[in-house]
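Survey of secondary and tertiary structure
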Amino acid sequence: MTIQQDLALEQTDLDIGIVALTDCAPLVMAKHLGFFEQWGLQVNLHIQHSWATVRDRLHTGLLDAAQMLAPMPLASTLGLNGAKCDVINAFNLSMNGNGITLSTALFEQIKQLNNGQEPVLPLDSSWIKQIVQNKRDNGQAKLRFAAVYPYSCHLFQLRDWLSIAEIDVDNDIEIIIIPPTEMTAALENDEIDGFCVGTPWNTKAVRAGIGATVITSCDIWQEAPEKVLAVTSQWQQQHPNTFIALLAAVQQTCEWLNSTANRFEAAAVLQTYLGEPLDVIAPSLIGSCLTTQNGTPRNIPAYNRFISKDANLPKLSQGRVLLDKMATAHQLPHDFTQAQKQQLLKDVYRPDLYKSMLDMKKKMTQLGDIQYS
Amino acid sequence: MAVKQKKSTTAAKLLTVLIIDDNMDRAQTFEAALKDTPYLVKHLAHTSVSLLKEVEKTEPDIILIDIESPNRDTIESLSTISAFNPKPVVMFSEQDQPDLMRESIKAGVSAYVSGDTNPERAKFILDVAVARFNEHQGLRNELSDAKRQLESRKWVDQAKALLIEKQNMTEQQAYSAIRKMAMDNGQKMEDVAKNLISMMQLMGGAK
């Protein structure tokens, strides 16, 4: 019996959307290593250039599944900034992976305030607070930062980091939206003073000598889900078995990505997808956060995490944290009740489907159909 | 119908259209088609210049962007996150993709131009985009005005209830007191109400 028959797959050809970031590795490597095929799936990966097209193509079924920012399924289901569409998350693709990079000019200003010495990293945001105040006193323009999308952990992490120093993130500074691939160019052209973005774009800015990565997302939030594997609720209901097979293949890849040797291989493969060289892609994958062009890298073992104990299991508590962050960023309706919140989390977060996948995998392994490391 | 009248007078003024597209032929065809219309075209290849700087400099009335452009997220956020005024956005697409078109229109895109669109229709499409955008903005403003009023009434009601309870006022007295304070201090009733509430909570807590 073939695996297609065993699993009774409703659909075997899948179109999956990805964005050029290090944490598309579980999807890219599942294809490259033939794990999708092992589970009876023929997958075409489609690189998307904006989160808006990821959203629109997933909603309309032009994509069967997509790599999404963790808050996006909540935003879609609520119909924020676009059409309302029930999107579910049954699998966390990655944890952490973001960093905040300041322009070389801003970093130099901080050094001056610190008597010419490099400040301690991860950077205390009260340095930024001092500069914000100086700028206000001298009647200069506000500092301008960028995040990748309104419904992104990047925006929330940036806001949280600056808020620790009691910077009023709604008034003291400006935050604009720039897609990840355009970030370094914006920093180089002095359009922004800093950004929060996912790897490898922080590393690229440091390598190019245009910025200093002063803090990573895991210094700000502990172990936060970053990207999720999203499908519409409708698609999952129409293709329950295919969905489970998809989760199984991706989980197998996340396990594979646990080994450092394999991560080098992943970095090499990602070059084609990201259009960046190995020395830009590899550092974060092996737990190294470049800081300044000639500075000592920081050792951040969890910089890109694809699996740890239960890391892939989506939890309602994770969604609740995101909803709180969204509320702080004025993204939720004022009259959103606790009961509505709870219902939304139950609709979007589907640990039950993740668990079905684990059960199915166990059964298949016992049958000897699938061998995986 | 009065609304429609107003729109046609705005369209008589010169409107700046910012085209963000790497496909030079397509952009130029569109630009040529808009000659001798009230639309003044500026063209950008998205990889060459900074989009936001250009938006700040040009202050376009309409933005025309390739659906595949990474700048879509930036354009979309202009209406939600920053101080930029929202603008009508028209999308270019190689193929005719009705579903995708429907979806992006829900996300705030005002019109769509596909690969086989006759350039002669360019002006018509922009007219429609401006009209649709204005209508959408009108609804949005009405909705947020209504929400704000509701919010403000909630505070005033709460302050009134506290005055009635703690100061033994009648409802009318409480309302007049809040209104008088607002007028005397040149503040909004909502702000007076908020101050009163926090002050009374403070005093209540201190007892």
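Quick caveat, the model's predicted, so the values are computed rather than measured.

1. Some points on the overall build of chain A
- Of the regular secondary structure elements, chain A holds 18 helices and 13 strands.
- In terms of overall dimensions, chain A has C-alpha extents of about 75 × 50 × 30 Å along its principal axes.
- For chain A, the residues scored as buried account for 62% of the 373 residues in total.
- By element, 46% of the accessible surface of chain A is carried by carbon and sulfur atoms, the whole surface being about 14,100 Å².

2. Here we look at the packing of aromatic side chains
- Summed over all chains, the structure comprises three aromatic pairs over all chains.
- Measuring from ring centre to ring centre gives 6.0 Å for A:Phe91 and A:Tyr354, while their planes differ by 40 degrees; the resulting arrangement is tilted. With A:Phe91 in strand E4 (residues 87-96) and A:Tyr354 in helix H18 (residues 351-367), the pair connects residues that are 263 residues apart, well separated along the chain. When sorted by exposure, A:Phe91 lands in the same class as A:Tyr354, which is buried.
- Ring centres of B:Phe30 and B:Phe92 lie 5.4 Å apart, and the angle between their planes is 80 degrees; this geometry places the pair in the edge-to-face category.

3. A word on the sheet that holds strand E8 (residues 194-198) of chain A
Residues and elements named next belong to chain A.
- With mixed pairing, the five strands of this open sheet are ordered in space as E7-E6-E8-E5-E9. The open sheet has two edge strands, strand E7 (174-177) and strand E9 (211-216), and neither has a second partner. Here the average twist between neighbouring strands, direction ignored, is 25 degrees.
- As defined by bridge partners, strand E6 (residues 144-147) adjoins E7 across four bridges and the pair is classed as parallel. Within E7, the position partnered with Ala146 by the bridge is Ile176.

4. Quick notes on helix H17 (residues 338-348) of chain A
All names here are of chain A.
- Those residues of H17 that sit buried are Lys341, Leu344, Leu345 and Val348. Taken around the axis of H17, the buried residues stretch over an arc of 100 degrees, which confines them to a single face. Exposed residues lying more than 90 degrees from the buried face of H17 are Ala339 and Lys346.
- Buried residues in H17 make contact with helix H5 (72-78), E4 and helix H16 (316-328).

5. Thoughts on the domain arrangement of chain B
All names here are of chain B.
- Examined at the domain level, chain B breaks down into domain 1 (2-142) and domain 2 (143-206).
- On the domain 2 side, the residues contacting the four residues of domain 1 number four residues.
- Of the roughly 250 Å² buried between domain 1 and domain 2 on both sides combined, carbon and sulfur atoms contribute 27%.
- The interface formed by domain 1 and domain 2 contains zero salt bridges.
- If you look at where domain 1 meets domain 2, you find zero residue pairs in polar contact (both at pLDDT 80 or more).

6. Focus: helix H5 (residues 98-106) of chain B
- Residues B:Leu100, B:Glu103 and B:Ser104 constitute the buried set of H5(B). Taken down its axis, H5(B) places every buried residue within 95 degrees of arc, on the same side.
- Buried-residue contacts for H5(B) involve helix H4 (51-60) of chain A together with helix H4 (72-78), strand E4 (89-93) and strand E5 (109-114) of chain B.
- Downstream of H5(B) by a residue or two, B:Gly108 has a phi angle that is positive, lying close to 110 degrees.

7. Points about the side chain of A:Thr22
Residue and element names in this part refer to chain A.
- With respect to the helices, strands and loops of the structure, Thr22 is situated in the loop between strand E1 (13-18) and helix H2 (25-32).
- Classification of Thr22 as buried rests on a relative accessible area of 0%.
- Apart from the residues within four sequence positions on either side, Thr22 is in contact with Thr199, Pro200, Leu270, Leu274, Ser284, Leu285, Asn304 and Phe306.

8. Details of the domain arrangement of chain A
All names here are of chain A.
- Partitioning chain A into structural domains gives domain 1 (3-96 + 224-275 + 306-367) and domain 2 (98-220).
- Taken over C-alpha atoms, the centre of domain 1 sits 29 Å from the centre of domain 2.
- Tallying the contact residues gives 26 residues for domain 1 and 22 residues for domain 2.
- Summed over both sides, the interface between domain 1 and domain 2 buries roughly 1,900 Å², with carbon and sulfur atoms accounting for 62% of that surface.
- Ranking the residues of domain 1 by area buried against domain 2 places Asn96, Lys325 and Gln331 at the top, with a combined share of 22%.
- The interface formed by domain 1 and domain 2 includes one salt bridge.
- Between Lys325 and Asp160 there is a salt bridge, and its shortest N-O distance comes to 2.7 Å.

Criteria and thresholds
- Residues numbered from 1 in each chain as written.
- Chains lettered and ligands numbered in written order.
- Predicted model: local features only at pLDDT ≥ 70, side-chain atom pairs only at ≥ 80, totals over all residues.
- Heavy atoms only, no water.
- Helix = DSSP H or I, 4+ residues; strand = E, 2+ residues; numbered from the N terminus.
- Buried < 20%, exposed > 50% of the residue type's maximum accessible area, 1.4 Å probe, protein only.
- Areas by Shrake-Rupley, 256 points an atom, 1.4 Å probe, with all protein chains shown as cover.
- Phe/Tyr/Trp six-rings, centres within 6.5 Å; stacked < 30°, edge-to-face > 60°.
- Pairing = 2+ DSSP bridges.
- Axes fitted to C-alpha atoms, helices over the stretch in contact; angles between N-to-C directions.
- Arc of directions from axis to C-beta.
- Contact = heavy atoms within 4.5 Å.
- Domains from an automatic or database assignment.
- Buried area = accessible area lost by both parts, 1.4 Å probe.
- Salt bridge = Lys/Arg side-chain N within 4 Å of Asp/Glu carboxyl O.
- Polar contact = N/O pair within 3.5 Å; in protein donor to acceptor, adjacent residues only side chain to side chain.

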